Amino acid sequence: MKPVLVKGAGVVGLVTAYELARRGIEVDVIERSERIGAGASWFAGGMLAPWCERESADEKVERIGATAIEWWKAMLPDKVAQEGTLVVAAARDTRELDRFAARTTGHNWLDADQIAQLEPDLAGRFSRALYFPREAHLDPREALSSLRDTLMAMGVRFHFGLTTDAAVSHRFGWHIDCTGHARLPNDPALRGVRGEMLYLRTGDIQLSRPVRLLHPRHPIYVVPRRQGVFMVGATMIESDLSGPITARSLMELLNAAYALHPAFGEAQITETGTGVRPAYPDNLPRITRSGSNFCVNGLYRHGFLLSPTLAHDVTERLLNPDHQSEFHDEP
Ligand SMILES: Cc1cc2nc3c(=O)[nH]c(=O)nc-3n(C[C@H](O)[C@H](O)[C@H](O)COP(=O)(O)OP(=O)(O)OC[C@H]3O[C@@H](n4cnc5c(N)ncnc54)[C@H](O)[C@@H]3O)c2cc1C
């Protein structure tokens, strides 16, 4: 088989390159910026949370997302924490917890003592919580860097600072476009959903797992990273503008973090950022084909959760034209 060109080194491009290389296919990756993960993937929470996501997502996200946890654990055994997810709400918002429980499965109810056992620093702050024990999380930046190193060791060639493959395109049998929201101008069905986030650093609180704080207007989550760093996310704004975080969003995220635990009030803000999630109208991804070009896009809130299955599907499709996937969308 002629080599394959993967365009875009976000989570979808890198995971796709890995699946292709693993099957013995020669792969080159071109990336318009000077490094991997220059798009939405860099700002992700890294939650592998298919059961929580079912609250607002299709059943495919839960079913396929559950398999992604095993994929990432096999791929990065020392970088995936499977500590579950804790979901809490302020006393005035406990109806949100009931609503969340009614729309999801795979959880247990915890009382105040059980919350304190699981997350001692949240002792006394919430009387009830939902616990999703099978969920996992990873640090997206570590995960993408490890994937890049693995790919390079497998012989995959990276070309940074390139947006066009014109000079070399004749060498490739297939092109796989994984350019995320940058594809908006070429795909009228695709839209952007802006997600603003921030990083806080504090030694005054420790968490072992992502904690989601439900709220009727501003649900947020806090994901622990290494060395006292926490990712706080994320807004969901129907916009493809990727500029800096707005004052309103910053206030909302900080207020919510403070409501989760007042120690966050003394934390240092070490970074703010914005990623644009690429999404189709049904918020499910698509693999589209035009001749020898495939596009894998629209992973919305689920880039880490769904990319292993999409990468597998597009690889199968290259090797076996009759292969059918739930996410194929032929024009
Ligand atoms: C705040 C936030 C939190 C999130 N949290 C989670 C989470 O917890 N779990 C989860 O599963 N998902 C999460 N997501 C969703 C996830 O990040 C996205 O679904 C995913 O990053 C999309 O990946 P992608 O590879 O399609 O796009 P991107 O990550 O945007 O990558 C596209 C790449 O293509 C490159 N590119 C663009 N145009 C060209 C070109 N012409 N030539 C070459 N290269 C090009 C870009 O520079 C970029 O590197 C979150 C998203 C956001 C914004």
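Read on for a plain summary of the structure.

Conventions adopted
Residues numbered from 1 in each chain as written. Predicted model: local features only at pLDDT ≥ 70, side-chain atom pairs only at ≥ 80, totals over all residues. Heavy atoms only, no water. Helix = DSSP H or I, 4+ residues; strand = E, 2+ residues; numbered from the N terminus. Rg over C-alpha atoms; globule rule 2.2 N^0.38 Å. Buried < 20%, exposed > 50% of the residue type's maximum accessible area, 1.4 Å probe, protein only. Contact = heavy atoms within 4.5 Å. Areas by Shrake-Rupley, 256 points an atom, 1.4 Å probe, with all protein chains shown as cover. Lys, Arg positive; Asp, Glu negative; His and termini not counted. Charge placed at Lys NZ, Arg CZ, Asp CG, Glu CD. Salt bridge = Lys/Arg side-chain N within 4 Å of Asp/Glu carboxyl O. Pairing = 2+ DSSP bridges. Axes fitted to C-alpha atoms, helices over the stretch in contact; angles between N-to-C directions. 1 Å grid on protein atoms, 1.4 Å probe; cavity = no way out; pocket = protein on both sides within 12 Å on 5 of 7 lines; lining within 4 Å. Points joined across faces, edges and corners; volume = space filled by probe spheres on them. Nonpolar A, V, L, I, M, F, W, Y, C, P; charged D, E, K, R; others polar. Phe/Tyr/Trp six-rings, centres within 6.5 Å; stacked < 30°, edge-to-face > 60°. Lys NZ or Arg CZ within 6 Å of the ring centre and 35° of its normal. Expected span 1.5 Å × (residues − 1). Arc of directions from axis to C-beta. Near = heavy atom within 4 Å. Polar contact = N/O pair within 3.5 Å; in protein donor to acceptor, adjacent residues only side chain to side chain.

What to know about the overall build of the protein
The helix and strand tally for the protein stands at eight helices and 18 strands. Whereas a compact globule of 331 residues would reach a radius of gyration of roughly 20 Å, the protein reaches 20 Å, a difference of no more than 12%. Reported as C-alpha extents along the three principal axes, the dimensions of the protein are approximately 65 × 35 × 35 Å. Across the 331 residues in the protein, those meeting the buried criterion constitute 56%. Of the contacts made within the protein by residues no fewer than 6 positions apart, 76% connect residues no fewer than 24 positions apart. About 14300 Å² of surface is accessible on the protein, with carbon and sulfur atoms providing 49% of the total. Computed over 37 positive and 41 negative side-chain charges, the separation of the two mean positions in the protein equals 2 Å.

Describing the pattern of salt bridges
Taken as a whole, this structure holds 22 salt bridges when the rule is applied. Here Lys-79 ties to Asp-78 by a salt bridge, and the two come within 3.9 Å at their closest N and O atoms. Within this structure, Glu-26, Asp-28, Arg-157 and Arg-171 form a network of salt bridges that share partners.

Quick look at the sheet that holds strand 17 (residues 286-290)
If you walk across this open sheet you meet the six strands as 9-2-1-10-18-17, and the pairing is mixed. Strand pairing shows two members of the sheet lacking a second neighbour, strand 9 (157-160) and strand 17, which therefore form its edges. If you compare each strand with its neighbour and ignore which way they point, the axes differ by 20° on average. As paired strands, strand 10 (residues 174-177) and strand 18 (residues 293-297) are joined by three bridges and run parallel to one another. Looking across to strand 18, one finds that His-175 is bridged to Asn-293.

Quick look at the layout of surface pockets
Each pocket or cavity is described by its volume, and for the second largest pocket that value is around 380 Å³. Residue lining of the second largest pocket: 18 residues in total, with Asp-139, Glu-142, Pro-224, Arg-225 and Arg-226 positioned closest to the centre. At the level of secondary structure, the elements contributing two or more residues to the lining of the second largest pocket comprise strand 4 (80-81), strand 8 (136-138), helix 6 (140-153) and strand 16 (268-279). Looking at the lining of the second largest pocket residue by residue, the classes come out as six nonpolar, four polar and eight charged.

Remarks on the environment of Ala-57
Structurally, the position occupied by Ala-57 is in the loop between helix 2 (50-53) and helix 3 (59-75). Residue Ala-57 is classed as buried on the basis of its relative accessible area, which comes to 11%. Taking the C-alpha atoms as reference points, Ala-57 and Gly-233, 176 residues apart in sequence, are found 18 Å from one another.

So, the pairing of strand 18
In terms of residue burial, strand 18 counts as a mostly covered element, since four of its five residues are buried. Both strand 17 and strand 18 contribute to a ladder of five bridges, which runs antiparallel. For Arg-289, the partnering residue across the bridge sits in strand 18 and is Phe-294.

Focus: the packing of aromatic side chains
All told, the structure shown has seven aromatic pairs when counted by the stated rule. Sitting above the plane of the Trp-42 ring, Arg-35 keeps its charged end 4.5 Å from the centroid. When the ring centre of Tyr-280 is taken as reference, the NZ or CZ atom of Arg-286 above it lies at 4.2 Å.

So, helix 7 (residues 247-260)
Spanning 14 residues, helix 7 covers 20 Å between terminal C-alpha atoms, matching the ideal 20 Å at 1.5 Å per step. Burial in helix 7 covers these residues: Ser-249, Leu-253, Ala-256, Ala-257 and Leu-260. Relative to the axis of helix 7, the buried residues are bounded by an arc of 100° and lie together on one face. Among the exposed residues of helix 7, those pointing more than 90 degrees away from its buried face are Ala-247, Arg-248, Met-251 and Asn-255.

As for the sheet that holds strand 8
The sheet built from three strands is open, its strands ordered 3-8-4 with antiparallel pairing. A single partner strand is all that each edge strand has here, and the edge strands are strand 3 (47-48) and strand 4.

What about the site of the ligand?
The immediate surroundings of the ligand are formed by 36 residues, with Glu-31, Ser-41, Tyr-300, Arg-301 and Phe-304 found nearest. Side-chain polar atom of Glu-31 to an oxygen atom of the ligand: 2.6 Å apart, as the coordinates give it. Within the backbone of Arg-32, an N or O atom sits 3.1 Å from a nitrogen atom of the ligand. Taking 1000 Å² as the accessible area of the ligand by itself, protein coverage stands at 96%. Mapped by element, the contributors of at least two residues to the shell around the ligand are helix 1 (11-22), strand 2 (27-31), strand 16 and helix 8 (303-319). Ranked by the residues each element gives to the shell around the ligand, the list is headed by helix 8, at three residues.

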